Amino acid sequence: MKPIKVGLLGLGTVGTGVVRIVEGHQEDLQRQTGAAIEIAKILVQDKSKARSIAVDPDKLTENPWDIVGDPDIDVIVEVMGGVSVAKDHILTALAGGKHIVTANKDLMALHGAEILAKAAEKSCDVLYEASVAGGIPIIRTLVEGFSSDRITKIMGIVNGTTNYILSKMSQEGAAYADVLKEAQQLGYAEADPTSDVEGLDAARKMTILATLGFHAPVALGDVGAKGISQISKEDIQYGKQLGYTVKLLGIAENNDGHISVSVQPTLVKNSHPLASVNGVFNAVYVYGEAVGETMFYGPGAGELPTATSVVADLVAVVRNLKLGINGRRVLAPYKEKKLKTDEQIAYKNFILLQVEDKAGVLAQITQIFARHEVSLESVVQHPDAGKPQAEIIIITHDANQASMKKVLDEFGTMDVIHAIKSVYRVEG
């Protein structure tokens with residue numbers, strides 16, 4: 001079989017890793033696919049820029065048409081990032097019958113349905129394993145490993161930056177702002193960290209996972225996202241006292257065909273495996289009706305972990321080329337999307353209240369919970385030494401969001417409650 005020619009869009013961190021693996025593992029790749037894989041052209045912004053890897057200057061181009069319009073190139077690997085320009089390049093390449101491997105979570109979360117439809121029309125492969133959780137093969141697991149099962153829940157840590165920040169806050173008692181600054185200095189967080197710390201990056205990844213896991217067209221707008229910027233040292237300390245660790249979790253659930261997807265700070269029971277996932281690592285928990293509980297853990301980013309997922313997709317495309325079956329496994333969603341209402345979404349809640357420290361206050365609070373049919377698992381009161389105030393920590397049993405909203409709205413009208421300081425989901 002003639003060599004498979006690959007066009008690489010982007011030579012940043014991940015693109016460099018792809019070149020290292022393809023050029024360094026030629027014998028292994030050829031034995032696995034039956035064909036040599038050649039990176040024929042690489043799109044860069046500046047051909048004269050110094051690079052950490054030696055690349056033939058003749059392979060570099062600043063003109064995308066040299067790649068997407070080249071009839072000799074079989075596969076496009078997109079690792080340039082961004083949305084609109086990457087989308088245009090990919091749709092142009094698909095129109096020309098080229099297969100696509102991408103690591104672009106933003107693109108697939110926002111325009112995956114359109115791209116997959118064009119791929120199906122042209123009988124082309126579009127694979128995007130590296131778009132979620134770096135080196136963890138979670139997409140391939142959902143598509144292939146769970147093909148005979150029905151997934152009911154996907155829950156995980158899918159953003160390494162926020163997990164690093166929360167791990168440091170928990171282990172060292174550091175303040176959020178201090179750890180964020182350190183994460184930026186280490187390169188774990190961007191200069192503008194909004195996408196990570198406000199849960200937007202995780203929401204895009206959960207859009208992809210929920211769409212694949214539940215076979216329904218989940219959109220980014222369907223994912224409720226809350227970040228970690230409001231988490232205090234006090235929240236983390238109270239969680240520890242009760243046996244919980246604070247994590248930013250993406251949670252997708254499917255009950256009787258009704259779906260909910262969210263990203264939010266969550267108190268995870270210390271006995272749950274996700275509680276011990278620290279630093280920049282990612283982990284995804286998948287519940288199947290038949291298999292039960294499974295967990296997938298590993299590095300969520302980085303040059304070689306992410307590039308490994310990209311090249312694994314490239315190997316799959318080349319195998320399909322050899323078998324003549326490209327485009328036959330494009331998994332477009334085939335189920336109707338039915339989103340849960342607030343009455344259907346239920347979970348345990350952690351609530352931290354600052355209240356007047358006097359007789360009868362707790363009774364008033366518990367009466368409100370009872371009125372809205374929210375039962376309580378535990379109540380802990382901490383008097384504030386020397387002040388006429390106390391802090392009350394409440395953990396509820398499973399309560400639906402509609403009832404909890406009514407409870408919190410009523411708390412906001414009570415003179416004896418000075419502040420609703422924190423409200424978090426509880427898992428495990």
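Procedures and definitions
Every chain is numbered independently, its residues counted from 1 as its sequence is written. Totals for whole chains, interfaces and linings use every residue, but because this is a predicted model, local features are given only for residues with pLDDT of at least 70 and side-chain atom pairs only at 80 or more, for both listing and counting. Hydrogen atoms and water are omitted, and side-chain values are computed over all heavy atoms in the structure. UniProt positions are given in the numbering used here, feature names are shortened, and annotations may be inferred rather than shown by experiment. Strands are runs of DSSP state E lasting at least two residues, helices are runs of H or I lasting at least four, and both sets are numbered from the N terminus onward. One fewer than the residue count of a helix, multiplied by 1.5 Å, yields its expected span. Exposure is judged per residue with a 1.4 Å probe applied to protein chains only, and the accessible area is read against the type maximum: over 50% gives exposed, under 20% gives buried, and values in between give partly exposed. By definition, a salt bridge exists where a carboxyl oxygen of Asp or Glu is found within 4 Å of a side-chain nitrogen of Lys or Arg. Segmentation into domains, and thus their bounds, comes from an automatic or database assignment. Each pair of strands is called paired provided DSSP finds at least two bridges between the two strands. Distance and chemistry together define a polar contact, namely a pair of N or O atoms within 3.5 Å, with one atom able to donate a hydrogen and the other to accept it when in protein, and with adjacent residues in sequence counting only for side-chain atoms on both sides. Any pair of residues with heavy atoms lying within 4.5 Å of one another is described as a contacting pair. Aromatic pairs are defined between Phe, Tyr and Trp rings, using the six-membered ring for Trp, whenever the two ring centres lie within 6.5 Å; interplanar angles under 30 degrees are classed as stacked, those over 60 as edge-to-face, and all others as tilted. Only the stretch in contact is used when a helix axis is fitted, and all axes are lines through C-alpha atoms; the angle between N-to-C directions ranges over 0 to 180 degrees. When an angle is under 35 degrees it counts as roughly parallel; over 145 it counts as roughly antiparallel; between 65 and 115 it counts as roughly perpendicular; any other value is oblique. Note on convention: the crossing is left-handed when the near helix lies turned anticlockwise from the far helix by less than a right angle, right-handed when the turn is clockwise.

The name given to the chain in an unreviewed UniProt entry is Homoserine dehydrogenase, with the source organism recorded as Paenibacillus athensensis. Turning to the chain, the UniProt record has this under Sequence similarities (unreviewed entry): "Belongs to the homoserine dehydrogenase family." Here is the UniProt Catalytic activity (unreviewed entry) comment for the chain, exactly as written: "L-homoserine + NADP(+) = L-aspartate 4-semialdehyde + NADPH + H(+)".

**A few points about helix H12 (residues 303–323)**
Over its 21 residues, H12 extends 30 Å from the first C-alpha to the last, a length consistent with the 30 Å expected when each residue adds 1.5 Å. Of all the positions in H12, only Thr 306, Ala 307, Ser 309, Val 310, Val 311, Asp 313, Leu 314, Val 315, Ala 316, Val 317, Val 318 and Asn 320 are classed as buried. Within two residues after H12, Gly 324 carries a phi angle of roughly 70°, on the positive side.

**Remarks on the pattern of salt bridges**
A full pass over the atoms with the stated rule returns 24 salt bridges. For Arg 140, the salt bridge identified is with Glu 129, shortest N-O distance 3.7 Å. Note that Arg 140 is positioned in helix H6 (residues 138–145) and Glu 129 in the loop between strand S6 (126–127) and H6, a separation of 11 residues in sequence. Residue classification places Arg 140 among the partly exposed positions, given a relative accessible area of 23%. Two residues, Asp 222 and Lys 337, come together in a salt bridge whose shortest N-O distance is 2.7 Å. Here Lys 337 lies in the loop between H12 and strand S13 (346–356) and Asp 222 lies in the loop between helix H10 (200–214) and strand S8 (223–225), a separation of 115 residues in the sequence. For Lys 337, a relative accessible area of 28% gives the class partly exposed. The network of salt bridges with shared partners includes Lys 153, Glu 253, Arg 425 and Glu 427.

**Structural notes on the domain arrangement of the chain**
For the chain, the assigned domains are domain 1 (4–132 + 303–323), domain 2 (138–299) and domain 3 (346–426). Between domain 1 and domain 3, the C-alpha centre-to-centre distance is 52 Å.

**Regarding the sheet that holds S6**
The six strands are arranged S3-S2-S1-S4-S5-S6 in an open sheet whose pairing can be described as parallel. The open sheet has two edge strands with one neighbour each: strand S3 (60–61) and S6. Note that strand S2 (residues 37–43) and S3 share two bridges and pair parallel. Bridge pairing in S3 links Leu 43 to Thr 61.

**Structural notes on the side chain of Thr 161**
By secondary structure assignment, the location of Thr 161 is in helix H7 (residues 160–172). Among the polar contacts listed, one links the side chain of Thr 161 to the side chain of Asp 196, at a separation of 3.4 Å. Contact partners of Thr 161, with chain neighbours within four places excluded, come to Tyr 188, Ala 189 and Asp 196.

**What to know about the UniProt feature "active site" (unreviewed entry) in the chain**
Sites flagged by UniProt as "active site" (unreviewed entry) map to Lys 205. Summarising the element assignment, Lys 205 is placed in helix H10. For Lys 205, the contacting residues outside a window of four places in its chain are Lys 105, Ser 131, Val 132, Val 158 and Asn 159.

**Some words on the UniProt feature "binding site: NADPH" (unreviewed entry) in the chain**
Mapped onto the present numbering, the UniProt feature "binding site: NADPH" (unreviewed entry) falls at Lys 105. Its location among the elements puts Lys 105 in helix H5 (residues 105–122). Once you skip the residues sitting within four places of it in the chain, Lys 105 turns out to touch Ser 131, Asp 201, Arg 204, Lys 205 and Ile 208.

**A closer look at the packing of aromatic side chains**
Applying the stated criterion across every chain, the model contains five aromatic pairs. Centroid distance Phe 369 to Phe 411: 5.4 Å. Interplanar angle 80°. Geometry classified as edge-to-face. Of this pair, Phe 369 sits in helix H13 (residues 361–371) while Phe 411 sits in helix H14 (residues 401–411); the two residues are 42 residues apart in sequence, bridging distant segments of the chain. The exposure class of Phe 411 is buried, given its relative accessible area of 1%.

**Structural notes on the packing of H7 against helix H8 (residues 176–185)**
Relative to each other, H7 and H8 sit at 130°, their axes nearing to 9 Å. One element, H7, and the other, H8, form an angle in the oblique class. As H7 packs across H8, the resulting crossing turns out to be right-handed. Taken together, the residues of H8 that come into contact with H7 (itself represented by Tyr 164, Ile 165, Lys 168 and Met 169) are Tyr 176, Val 179, Leu 180, Glu 182 and Ala 183.

**A few points about the environment of Gly 227**
Looking at the secondary structure, you find Gly 227 in the loop between S8 and helix H11 (233–241). With 136 residues separating them in the primary sequence, Gly 227 and Leu 91 have C-alpha atoms 33 Å apart. Here Gly 227 is in contact with Val 197, Glu 198, Gly 199, Leu 248 and Pro 265, once residues within four sequence places are set aside.

**Some words on the pairing of strand S1 (residues 4–9)**
Consecutive side chains of a regular strand alternate in pointing toward one face of the sheet and then the other. Across the six residues that make up S1, a large majority, five, are buried. Pairing analysis gives six bridges linking S1 to S2, with the strands arranged parallel. If you follow Leu 9 over to S2, its bridge partner there is Leu 43. In this structure, S1 lies alongside strand S4 (residues 75–78), joined through four bridges in parallel fashion. When the sheet's bridge partners are listed, Val 6 is paired in S4 with Val 75.

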